[in-house]
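# Survey of secondary and tertiary structure
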Amino acid sequence: MPDTILKTKLYIPPARSKLVLRPHLISRLSEGLAGKLMLVSAPAGSGKTTLVSEWIHRLAGEDQAVASAFPAVAWLSLDEDDNDVARFWSYVIAALDTIRPGVGTDALAMLRSAQPPPYQTILTALINDLDDRPDPLALILDDYHAIHVQPIHDALAYLLDHLPPHTHLIIATRADPPLPLSSLRARRQLVEVRADDLRFTPGEIAAFLNQIMGLGLSADDLRALEQRTEGWAAGLQLAALSLQEEEDVAGFIRAFTGSHRYVFDYLAQEVLERQPDSVRTFLMRTSILERLSGSLCDALTERTDGQSTLERLEQANLFIVPLDQSRRWYRYHPLFADFLRAQLQQALGAHGILALHLQASEWHEQNGSIRDAVSHALAADDHTRAARLIEDYAPAMFLQSELTTLTGWIHRLPVEDVYARPRLCMANAWALLATGHGEEAERWLQAIERTLGASAEGLADEDSGRLSPDVLGALVEVTALRGVLAVGRFDVPRTLELSRRVLRHLGDSELRGLFNDPPQMRPAALFNLGLAQELGGEVGTAAGTFRETAAASLELKNQHLYPLALGHLGQLQVVQGQLHQAQLTYRSALQETQEFAGSPSPLSAIAHAGLGNVHYEWNDRDAALSHLLKGIELAKPWINWESLIPAYLGLARLKRSRGDLDGALTVLDEFIAMCRQSNAAMTSAAQAYQAVLWAARGDSALATQWLREAGIDPAGDLAYGVEFEAIASAQVLIALGRAAEAARLLERLRQSAEAGHRTGRVIEISVWQSVAQHAQAKAPEALSVLERAVTLAAPEGYCRTFVDAGASLAELLAKLLTTRRLDLDETSSTYIRRLLDAMRVDREGKGAAAVRAQPSKSPPAGMAEALSDREMEVLRRLADGLTNAEIGQALVLSVNTVKTHVGNIYGKLGARNRAQAIARARELDLL
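Before going into details, it helps to say that this report is about the structure given with it. Because the structure is predicted, anything quoted here is derived from the model rather than measured.

## Side note on the sheet that holds strand S3 (residues 137-142)
The pairing of strands in a sheet comes from backbone hydrogen bonds and takes either a parallel or an antiparallel form. Strand order across the open sheet formed by five strands is S2-S3-S4-S1-S5, with parallel pairing between neighbours. Edge positions in the open sheet fall to strand S2 (72-77) and strand S5 (190-193), since each of these has one partner strand only. Taken pair by pair, the neighbouring strands of this sheet meet at an average axis angle of 15 degrees, ignoring direction. Strands strand S1 (37-41) and S5 of the sheet are contacted by helix H1 (residues 23-31), whose axis makes an angle of about 155 degrees with S5.

Following this line, the structure appears as C-alpha cells:
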C-alpha cells in the first residue's frame, strides 16, 4: 500500500469495558450475513459505530464455534477527504488488504495509472480477486454520510450488485446512501438498523445510567429522562456526564427539553464549562483537527502533555474515540467537534483560527503528512505555502491518479499564485488534459509562457539557443503537451510540426522539463510523430518511427506506450502485406509487456485486435474470435479507439463470415453508439463496413444513402486516410450493379497503394478489381488482375480477403487454376486449392472450420522441432554478427528475451554456442 494510506482509518474501534448489552441488535446484524448489505442508518450520536464494533468483538471473540464461522472483517472510517474516487477505492483496497493480503493489486494499479479506466473495470478486477478466496468476508464503511460524490455511489452500487456470495457490506451512516435499497430489500438482500432500533429501551437506559455510570436514578427520573432524550445515545451520555456533578437531579431532568440539536448544545456547554480551564483550552484549540495525536496537540496548545490529556479525555468518555489499539491517534465525536469549533471562533476569532491551521500545516509537513499539510494551509489562507506544498506533492498524486483532488486544490488557490509557479501550472495542465479538459489546459500553458517571458513558438527560431536551459526545457514541455492536444484534434500538420520541434531539442543533456524530463517526453513525442505520419499516409516512415517509439518505451519500461507503439507498427505491416511480421510484432507487444510489467496493460488491446485480424485473414476463426474479444474487453473500459476500431471491425467481419449478417450489424451498431455517447468522431470506418453489409443483405436504399453521404469521388482526391472507406465504396457499387464505376475507383486506388508500397492494400484492391471486371464480363482483365493478387498474397498466406469476395471470385480462381495462366509450382497450386477449399467450406455452412491458406511448417530433416518465426528472425541476426543487445534493438525486444530465444535456438539445433548454431543452421539450409 502507498505511504499516503493512513492506517488509523482502517482500525476496528476497540471493545469497551463498560457497555450496555444489546443482544437483539447483535442478532439483527448477524442476520445480515445471509444477504449482501447491512445498513445502519441513524442520526449522529445514535451509537452506530459502537454497535457495529461491539458486534464484531462479541461474535468474533466470545464463542469459538461462532468465531470460526464469523467473517473476517475489514474496517474503513470515512471522512470528507475521501470524496476523491481514486482515494476512496485506494482506501477500500487498503482495508481489504488488512485481511486478504494482496487483494486488489490489479485494481490498485489501474487506479494509479495516468488515465484510469471506468470504475466497472477496476471493480471487476477487485470482485474477481474477492471471488477467488471463498472465505467469508465483511467490509465495513463507517461514516458513509461523508461521501457525496455520485461516481463513488455509482461504483459502490456496481460492487453491491456483483458481490460474491461470501462477501458482505456493512454501511454506517447518518443518512440513507443513494444505493438501490428498494431492490435489495425486495430480494431479501438487505438488513436494516434504523434510528428507532438504536433508541435505548427503558431497561437499557436504566442499565446505562445506573449500572455503568453509577448515577442511582429513581424510576421516575429514568422515565423522565427517557421522555426527554427518546433513547438517543449521545443525549443519554451527555446527560450522564452532567448529572455526575449535579446536586438537583430531578430539577435538572425537568429542565432537560428541546430537540436533539438543542439538547446537545445545552449539554455540551454544561460539560465544557465544568472542565478545568486547561482542558477547555485544549479541547477548543485541537478541535480544528480531523485526527489528533499527542505530538500534534502539543504543537497547537504549546504544551507537552498532549498524549496524557487525550488518554484522560477518553477515560472520562468526553466524546473522543481512539483510532488504533495503541491509543496514539484519536478523533472527536463530529458534533462535539462542531460545537468546540463554534466556541473557538468566539474565543480566538478568525485570525486566531487561521494561525492554528498554519501550525497544524507545519506539523503535518514536518511529519510527512503532505495531504493534511495542504488542507490546513488552505484553511489558513496561506496560499503561498499551499501552492508550494501542492507543487511538491503533485507528482505523487499523478502516480496515485488523484487528479480530481489535485485540480480541486489548485482551483482553491488565487489564480495569480498559480500563474507565478510555472511548474504548478504545468502540473495543472497535464491533470486537466488527463481528466478531459484539454482546452482549459491551454490557458495554463499560455500562463507559463507569460511567466517565463518567452513563447514556445520561438523554439522554431534560431534565437532559441539563447534561452537558458530551464526556460528552454519548460517551453519544450509546453510544446510536447500541445502536441498531444493537436493529436486529439486530428491536426496532422500541427502534430508533425510540434513533435519534430520537441524531438529536435531533447538531445540537450542540460534540458529539464517543468514536470517531465526529456527521457519521459521523448517516447510520447515520437509516438505523436508516428501517428501524424500514419494519418498522412507516410506508412514506411511511420513504421520506423513506431519502432523507435517502442525501443524508447521499452528502455523506460513504459507498459502502456510500448504495446501501443508496436500495435500501430503491426497495423502498418498488415497494410504493407507483411502478415507474418505483423504477427511477430503483436506477440512481442504482449510478451514483452508481460515480462517487464508483470500484467497486461489495457493498451495491449491493440495487439490482441491485430492478432485477431491476422488470424481471421488466415481463416483461423476460433483464434481470431478469442483475440478480438480480449481486445474489446481490455480496450472498452478505457475507450481506447485505436484498439476498439480494428477489434469491432474484425468481429463484424467474422460474424459475417459465419453467415450472421444481423449479428455483424449489431456489433457495428454497438460501436457506433459508443462513439456517439462519447462524442467521438470515430465512426467512418464502421459506417463504411455497415454499408457493405447493407448492400450484401439487399438493403440498397441504405447502401445508396451511405454512398451519397460518404462522398467518395472516383475522380477526386483519394488520400490514404479514406482508403478503407473508398474500398468499401467500391464493394457497395459492385453490389448495386455499378461495376464500371467501381472498376474506375479501384484502379485509382491500386495505383496509389502501389506507389505507397502498401502491398496489403494492393492485394485487397486487386481482388475487388477482378470481381468488378468479372461483373462486366471482362474475363481476361479479371484473370490478369487476380493473377497479380495471388502472386503477392501466396507468400503471406492470405485467405479471407479472397474468400469474402464471394462466388464470382471462386469461379475466377478455379478458372485461373485450370487454365494455368500462372507458371504454377506445387506450392502455388496448393495455395489456390486451399483458397477454393475454404470457399467450399463456407458454402457448405461449416463456418467454424479453419482451412488455412498457408500450410504449417514442419521441421527439416534432422530436427525434432522447427524454429519459430521469431527464433528464425533472431537466428538470421546471429548470422549477421549482431550482439544480443543489437538484436534486441533491431527486433524491439529486451536483452533477456533475446537470450531466451538464443537458448531455444541452441537447444533445437543441438548447438553449444553461436558458431555451432550458425553452422548447423546452414547445414539444414535454414540460412
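## Focus on the sheet that holds strand S8 (residues 329-332)
Across the sheet, three strands lie side by side as S6-S8-S7; this open sheet has antiparallel pairing. A single partner strand is all that each edge strand has here, and the edge strands are strand S6 (292-293) and strand S7 (320-322). Pairing of S6 with S8, which is carried by two bridges, proceeds in the antiparallel orientation. Across the sheet, the residue bridging to leucine 292 is tyrosine 330, located in S8.

## Brief notes about the packing of helix H37 (residues 723-735) against helix H39 (residues 759-775)
Running from N to C, H37 and H39 point in directions that differ by 15 degrees, and their axes come no closer than 10 Å. Taken as axis vectors, H37 and H39 run roughly parallel relative to one another. Once H37 is placed against H39, the crossing between them reads as left-handed. Side by side, H37 and H39 meet where Glu723, Phe724, Ile727, Gln731 and Ile734 of the first sit next to Arg761, Glu764, Ile765, Trp768, Val771 and Ala772 of the second. For the contact of H37 with H39, the class distribution of residues is seven nonpolar, one polar and three charged.

## Quick look at the environment of glycine 888
Tracing the chain through its elements places glycine 888 in helix H45 (residues 884-891). Not counting chain neighbours up to four residues away, the residues in contact with glycine 888 comprise Leu893 and Val898.

## What to know about the nonpolar core
Phe802, Leu809 and Tyr831 are the most contacted members of the largest nonpolar core, which totals 107 residues. When residues of this core are assigned to their parent elements, the largest contribution, nine residues, is made by helix H35 (residues 684-697).

## Describing the environment of leucine 459
Within the secondary structure, leucine 459 sits in the loop between helix H24 (438-452) and helix H25 (469-488). Counting along the chain gives 39 residues from leucine 459 to leucine 498, while the straight-line C-alpha distance between them is 9.6 Å.

## Examining the packing of helix H16 (residues 294-301) against helix H17 (residues 306-315)
Look at H16 against H17: their axes get within 7 Å of each other, and the N-to-C directions meet at 110 degrees. In terms of their interaxial angle, H16 and H17 are classed as roughly perpendicular. The residues of H17 that touch H16, namely those facing Gly294, Cys297 and Asp298, are Gly306, Gln307 and Leu310. Split into classes, the residues belonging to the contact of H16 with H17 amount to two nonpolar, three polar and one charged.

## Structural notes on the packing of aromatic side chains
Applying the stated criterion across every chain yields a total of eleven aromatic pairs. Centroid distance tyrosine 648 to phenylalanine 671: 5.4 Å. Interplanar angle 40 degrees. Geometry classified as tilted. Of this pair, tyrosine 648 sits in helix H33 (residues 641-657) while phenylalanine 671 is found in helix H34 (residues 661-677), placing the two residues 23 residues apart along the sequence. With a relative accessible area of 2%, tyrosine 648 lands in the buried category. Look at phenylalanine 671 and you get buried, because its relative accessible area is 2%. Here the aromatic cluster, defined as three or more aromatic residues joined through ring pairs, consists of Phe88, Trp89 and Tyr144. The residue whose ring lies beneath arginine 450 is tyrosine 419, and the NZ or CZ to ring-centre distance is 5.3 Å.

## Overview of the pairing of S1
Residues in a regular strand point their side chains to alternate faces of the sheet. Within S1, five of the five residues are buried, which leaves it mostly tucked inside the rest of the structure. Of the two faces of S1, the one lined by Leu37, Leu39 and Ser41 and the one lined by Met38 and Val40 are each fully buried. Strand direction decides the pairing type here: S1 and strand S4 (residues 167-173), joined by five bridges, are parallel. Following the sheet pairing, serine 41 is matched in S4 by threonine 173. One ladder, built from four bridges, connects S1 with S5; its direction is parallel. Residue pairing for S5: methionine 38 is matched across the bridge by valine 191.

## So, helix H42 (residues 807-819)
Under the 1.5 Å per step criterion, the end-to-end length of H42 is 18 Å for 13 residues, consistent within 8% with the ideal 18 Å. Among the residues of H42, those classed as buried are Ser808, Leu809, Ala810, Leu812, Leu813, Leu816 and Leu817.

## Overview of the pattern of salt bridges
Applying the stated criterion to the full structure yields 45 salt bridges. Of the charged contacts, one joins arginine 421 and glutamate 391 as a salt bridge, the two residues approaching to 3.6 Å between their closest N and O atoms. Linking arginine 421 in the loop between helix H22 (415-419) and helix H23 (422-434) with glutamate 391 in helix H20 (residues 383-399), this pair joins segments that are 30 residues apart in sequence. Taking relative accessible area as the criterion, arginine 421 reaches 21% and is therefore assigned partly exposed.

What counts as what
- Residues numbered from 1 in each chain as written.
- Predicted model: local features only at pLDDT ≥ 70, side-chain atom pairs only at ≥ 80, totals over all residues.
- Heavy atoms only, no water.
- Pairing = 2+ DSSP bridges.
- Helix = DSSP H or I, 4+ residues; strand = E, 2+ residues; numbered from the N terminus.
- Axes fitted to C-alpha atoms, helices over the stretch in contact; angles between N-to-C directions.
- Contact = heavy atoms within 4.5 Å.
- Parallel < 35°, antiparallel > 145°, perpendicular 65-115°, else oblique.
- Left-handed = near helix turned anticlockwise from the far one by under 90°.
- Nonpolar A, V, L, I, M, F, W, Y, C, P; charged D, E, K, R; others polar.
- Core = buried A, V, L, I, M, F, W, Y, C linked by side-chain atoms within 4.5 Å.
- Buried < 20%, exposed > 50% of the residue type's maximum accessible area, 1.4 Å probe, protein only.
- Phe/Tyr/Trp six-rings, centres within 6.5 Å; stacked < 30°, edge-to-face > 60°.
- Lys NZ or Arg CZ within 6 Å of the ring centre and 35° of its normal.
- Expected span 1.5 Å × (residues − 1).
- Salt bridge = Lys/Arg side-chain N within 4 Å of Asp/Glu carboxyl O.

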